[in-house]
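Topology and contacts: notes
These are the residues of each chain, in order.
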Amino acid sequence: MPDDALFETLRAALGRKRFQKPSTPPEPELAIRNYWTGEERLQQFRRAFTGRGGHLHVVSSAEEARSLIGDLQAGQEAIAASLPWLAECGILDLAGVQSGFTDAELLRNAGRTARIGIISCHCLLAESGTVVLRSSPEQPGSIGFGLPVTVIVAPRRKLLGNLDELLQMNPRSFASFRETVLLNGSEGRDIHLILI
Amino acid sequence: MSTPATVRHHVLTNLDHYLTELEEQLTAKGGKVVYLRSVEEVADSIELLAREKGWPLPADLRQQMERLEPGVAEYLLGGPREAGGSLLLAAGELRIASAAYLIAEAGAVCLIGPPADGAGPRMQIVVAGIDRVLPRMRDVAVFLPLLAGEGSVQFLTGPRRAGEWDGPEELYVYLVDGGRIPLLADPAKRDVLRCVRCGACLSSPPDGSPVVCPVGIDLENIPGLLRRELPPETSGWKYRLWGFVMRRPRLYEFAGRMLRSFWREEWGVPEPPAKSFRQTWREEGRK
């Protein structure tokens, strides 16, 4: 059906004119949990995330995070997203961790031998135990969801109350990224979240 | 402050505006929006795209499409939306998914279900009824809890961008009328399109009190109003043949045996059991 014909029929059905602006849409009532303390958010997140099969490791330093990743690697190869946060934590310099791929073919080849993908996240939602991931050239989906084990490394300050809080903070940011994934639990994958 | 009901009412009364905004936003980021009259047209269009690429498609694509994004009649008869409604075809090159919501302001498509593995498909087709639009991203906070349950959620705003190595090279959004416009024309029936297929109306409260629809559909009166207008389906040659066979037990049994012998998956109807009820009854009776 040509679009013009469909829109003509639609406008006639609604009794509207071409280019007629709507009234302001009703404002959604957001449930902001800003009264939760950091510890309450963490407990809430732990309950929801681990309840859905995710593994949560809370560590106090980047050094502990590196050591934990070494244990998870158990001598096997890993590939990591080229993110400043992971570099800051020294994760990109770990033995057996490859990153900084300059083209898709190099990444594909590395992915054939690697067992672990190391990434970071945009934020975490305590209420639902959700990890919010965003696609970018530095963090392709092949690292996040292409390997048997996914390790997500994030600072504790990324822990928000819920989706309402995220949408209140910056709703337009969703439009800036090609893909945003709200990962609720492990979805049958082996996912380790290291919170520093 | 709004409720899901007031947002849905606002969207439906201004649907042309929000569809235009959605299309502008999606196409600005490289997505392609296609308006189609029916699920049949969706299947035709997918077959055409797949033929151009040389991708094989399953014989029962049309039945699968109907399950992914039903028309209005199926809304009235069907159950809640299935989470993760998507098809992966042509050895993973093509993914067809049903949108939970479309967000006009962000030009985003909201899918429920696990994200694609690895680099994902080369072509992503998203199918949605024209009524699935929400005005802004903030509205998702109110509407997502109605559908998502514990499943993961994806928001897509376009195909692969410059510098990205994965994600679909092409993103098509098929917006299907499927009989919705005539409903919109009638204010008494328009509200049925507020339905987001959350399935709340299918569960009865234990105390027998009336079910409250989260989007404010008048569950007492609207279904009756619509069903009264459905054409009676008790005439025509199919029903006369059915009646003829039903009145002849041996012929009925023979027809059942034929159906079980010749049933094919591509018919899109459930596989009949290995034995008829009569056979089982006779065998059980002998024991």
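Residues numbered from 1 in each chain as written. Chains lettered and ligands numbered in written order. Predicted model: local features only at pLDDT ≥ 70, side-chain atom pairs only at ≥ 80, totals over all residues. Heavy atoms only, no water.

Along the backbone of chain B there are twelve helices and nine strands. Residues counted as buried form 47% of the 287 residues belonging to chain B. A separation threshold of at least 6 residues defines the contact pool for chain B, and within that pool the share at least 24 residues apart is 71%. Working note: accessible area of chain B is about 14300 Å², and carbon and sulfur atoms make up 56% of it. (Helix = DSSP H or I, 4+ residues; strand = E, 2+ residues; numbered from the N terminus. Buried < 20%, exposed > 50% of the residue type's maximum accessible area, 1.4 Å probe, protein only. Contact = heavy atoms within 4.5 Å. Areas by Shrake-Rupley, 256 points an atom, 1.4 Å probe, with all protein chains shown as cover.)

Listed as interface residues are 54 residues of chain A and, on the opposing side, 59 residues of chain B. Counting each side, the surface lost to burial between chain A and chain B is near 4900 Å², with a carbon and sulfur contribution of 59%. Where Arg136 of chain B meets Glu27 of chain A, a salt bridge forms, and the shortest distance between an N and an O atom there is 3.3 Å. Residue assignment for the side of chain A that touches chain B shows that the elements contributing at least two residues are α1 (3–14), α5 (104–113), α6 (141–145), α7 (163–169), α8 (173–176) and β9 (179–184) of chain A. Top element by residues in the side of chain A that touches chain B is α1 of chain A. It accounts for eight residues. (Buried area = accessible area lost by both parts, 1.4 Å probe. Salt bridge = Lys/Arg side-chain N within 4 Å of Asp/Glu carboxyl O.)

Glancing now at the pattern of salt bridges. Under the defined criterion, the tally for this structure stands at 26 salt bridges over all chains. Residue Glu127 of chain A is joined to Arg33 of chain A by a salt bridge in which the shortest nitrogen-to-oxygen separation is 2.6 Å. Of the two residues, Glu127 of chain A is situated in the loop between β5 (123–125) and β6 (130–134) and Arg33 of chain A in the loop between α1 and α2 (38–51); the sequence distance between them amounts to 94 residues. A salt bridge links Glu41 of chain B to Arg37 of chain B, with the shortest nitrogen-to-oxygen separation between them at 3.6 Å. Exposure remark for Glu41 of chain B: the relative accessible area of 24% places this residue in the partly exposed category. When salt bridges that share partners are traced, they join Glu8, Arg11 and Arg16 of chain A together with Asp16 of chain B into one network.

Glancing now at the packing of helix α1 (residues 4–13) of chain B against helix α6 (residues 140–147) of chain B. Residues and elements named next belong to chain B. Their axes nearest at 10 Å, the elements α1 and α6 cross at an angle of 105 degrees. In terms of axis orientation, α1 runs roughly perpendicular to α6. Here Pro4, Val7 and Arg8 of α1 lie close against α6, whose contacting residues are Val142, Phe143 and Leu146. Looking at the contact of α1 with α6 residue by residue, the class counts come to five nonpolar, no polar and one charged. (Axes fitted to C-alpha atoms, helices over the stretch in contact; angles between N-to-C directions. Parallel < 35°, antiparallel > 145°, perpendicular 65-115°, else oblique. Nonpolar A, V, L, I, M, F, W, Y, C, P; charged D, E, K, R; others polar.)

Quick look at the sheet that holds strand β2 (residues 86–89) of chain B now. Residues and elements named next belong to chain B. Read from one edge of the open sheet, five strands run β1-β9-β6-β3-β2, paired in mixed fashion. Edge positions in the sheet fall to β1 (32–36) and β2, since each has one partner strand and no second. On average, adjacent strands in this sheet sit at an angle of 15 degrees to one another, irrespective of strand direction. For strand β6 (residues 123–129) and strand β9 (residues 170–176), the ladder comprises seven bridges, and the chain directions are parallel. Its bridge partner lying in β9, Gly129 is registered against Val176. (Pairing = 2+ DSSP bridges.)

Moving on to the sheet that holds strand β7 (residues 133–134) of chain B. If you trace the eight strands from one edge of the open sheet to the other, you get β8(A)-β5(A)-β6(A)-β9(A)-β8(B)-β5(B)-β4(B)-β7(B), paired in mixed fashion. The open sheet has two edge strands, β8 (159–160) of chain A together with β7 of chain B, and neither has a second partner. In terms of strand pairing, strand β4 (residues 101–103) of chain B meets β7 of chain B through two bridges, oriented parallel. Counted as the bridge partner of Leu102 of chain B is Val133 of chain B from β7 of chain B.

All names here are of chain A. Applying the stated criterion across every chain yields a total of two cavities of 30 Å³ or more. Its volume calculated, the largest cavity comes out at about 270 Å³. Looking at the lining of the largest cavity element by element, the count peaks at three residues for α6. For the lining of the largest cavity, the residue count by class is eleven nonpolar, nine polar and five charged. (1 Å grid on protein atoms, 1.4 Å probe; cavity = no way out; pocket = protein on both sides within 12 Å on 5 of 7 lines; lining within 4 Å. Points joined across faces, edges and corners; volume = space filled by probe spheres on them.)

In this section: the packing of aromatic side chains. The description of an aromatic ring pair rests on the distance of the ring centres and on the angle between the ring planes. A complete count under the given rule lists eight aromatic pairs over all chains for this structure. Between Phe174 of chain A and Phe155 of chain B, the aromatic rings sit 5.3 Å apart at their centres with planes inclined by 80 degrees, giving edge-to-face as the arrangement. You can see Phe174 of chain A sitting in helix α8 and its partner Phe155 of chain B sitting in strand β8 (residues 153–156), one on each of two chains. Assigned by exposure class, Phe174 of chain A and Phe155 of chain B land together as buried. Sitting over the ring of Phe174 of chain A, Arg134 of chain A keeps its end group 5.0 Å from the ring centre. Directly above the ring of Phe244 of chain B sits Arg248 of chain B, whose terminal nitrogen or CZ lies 3.7 Å from the centroid. (Phe/Tyr/Trp six-rings, centres within 6.5 Å; stacked < 30°, edge-to-face > 60°. Lys NZ or Arg CZ within 6 Å of the ring centre and 35° of its normal.)

Attention now moves to the pairing of β6 of chain A. Residues and elements named next belong to chain A. In terms of residue burial, β6 counts as a mostly covered element, since five of its five residues are buried. Alternating residues of β6 divide into Thr130, Val132 and Arg134 and Val131 and Leu133, and every residue in both groups is buried. In terms of strand pairing, β5 meets β6 through three bridges, oriented antiparallel. Across the sheet, the residue bridging to Leu124 is Val131, located in β6. Two elements, β6 and β9, share five bridges in a ladder whose sense is antiparallel. Bridging from a neighbouring strand, Leu133 pairs with Val181 of β9.

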